[in-house]
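# Notes for the structure review
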Amino acid sequence: MVNLQTTIELYSMKFNEKIKALRKASGMNQQDLADKLHIHVTHLSKMENGHLLPSIDIVQRLMKVFAVSADNLLNDNENSVVELQNHELNEQLMLISQLDEDEKNALVKIINSMLTKKNERFIGR
């Protein structure tokens, strides 16, 4: 299976900076992350701005959402690199692998058509 990942460095960042960096690297806005954490967006905003520390429960949710350890999130002195996976695309790839051959071939044709159009527009610039 293909894993789509983004590498993010969390060198000498404070907790609130890490949350924001992880969120942005994952392509989420504050509302997206707040929804995944089951909290109000204002609560997340206060955490990202350093005005509020999260409960252990929210730290655990952050660990799940970003697939990172507590050390990566909480230790300000931790020099770490985190591989963020695009969970939505990985789930879609897993579903695609379950299609029958005709469905896979049809999907490949659609993707190739879209990529050809994109390349034509790119080359035409």
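In this report, we go over the structure that sits alongside the text. Within each chain, residue numbers correspond to sequence positions counted from 1 in written order. Given that the model is predicted, a residue must reach a pLDDT of at least 70 before its local features are reported, and side-chain atom pairs must reach 80 or more before they are shown or counted; all residues, however, enter totals for whole chains, interfaces and linings. To obtain the side-chain values, all non-hydrogen atoms of the structure were included, while hydrogens and water were left out.

## Observations concerning helix α4 (residues 56–66)
Relative accessibility thresholds used throughout: buried, under 20% of the residue-type maximum; exposed, over 50%; partly exposed, between the two (1.4 Å probe, protein chains only). Here a strand is any run of E in DSSP of at least two residues, a helix any run of H or I of at least four, and the numbering for each starts at the N terminus. Along α4, the residues that are buried comprise I58, V59, L62, V65 and F66. Within α4, the buried residues cover an arc of 120° as seen down the axis, which keeps them to one side. Away from its buried face by more than 90 degrees, α4 exposes I56 and K64. As used here, the arc is the angular range of directions from the helix axis to the C-beta atoms.

## Considerations on the nonpolar core
Working definition of a nonpolar core: buried Ala, Val, Leu, Ile, Met, Phe, Trp, Tyr and Cys residues. They are joined through side-chain atoms within 4.5 Å. Ranked by size, the top nonpolar core spans 18 residues in total, and within it L33, L44, L62 and F66 carry the most contacts. Counting residues per element, the ones that place at least two in this core are α1 (15–25), α2 (30–37), α3 (41–48) and α4. For this core, the leading source of residues is α4, giving five residues. Residues contacting L62, with those up to four places away along its chain left out, are F15, I19, L33, L37, A67, V68 and L73. The contact definition used throughout considers only heavy atoms, calling two residues in contact when any of these lie within 4.5 Å.

## A few points about the packing of α2 against α3
Convention adopted: a line fitted to C-alpha atoms gives each axis, helices being fitted over their contacting stretch, and angles between N-to-C directions are expressed from 0 to 180 degrees. Relative orientation of the contacting elements α2 and α3 amounts to 110°, with a least axis distance of 8 Å. In terms of their interaxial angle, α2 and α3 are classed as roughly perpendicular. Here Q30, Q31, L33, A34 and L37 of α2 lie close against α3, whose contacting residues are V41, L44, S45 and E48. Each residue receives one of three labels: charged for Asp, Glu, Lys and Arg, nonpolar for Ala, Val, Leu, Ile, Met, Phe, Trp, Tyr, Cys and Pro, and polar for the others, Gly being one of them. Looking at side-chain class alone, the contact of α2 with α3 contains five nonpolar, three polar and one charged residues. Relative orientations are named as follows: roughly parallel for angles under 35 degrees, roughly antiparallel for angles over 145 degrees, roughly perpendicular for angles from 65 to 115 degrees, and oblique for any other angle.

## Structural notes on α2
Within α2, the full set of buried residues consists of L33, A34 and L37. With its buried residues spanning 100° around the axis, α2 presents them on a single face. Buried residues in α2 make contact with α1, α3 and α4. Pairing of N or O atoms within 3.5 Å defines a polar contact, subject to two protein rules: one partner must be a possible hydrogen donor and the other a possible acceptor, and residues neighboring in sequence count only if both atoms are side-chain atoms. N-capping of α2 is provided by N29, with a side-chain oxygen placed 3.0 Å from the backbone N of Q31.

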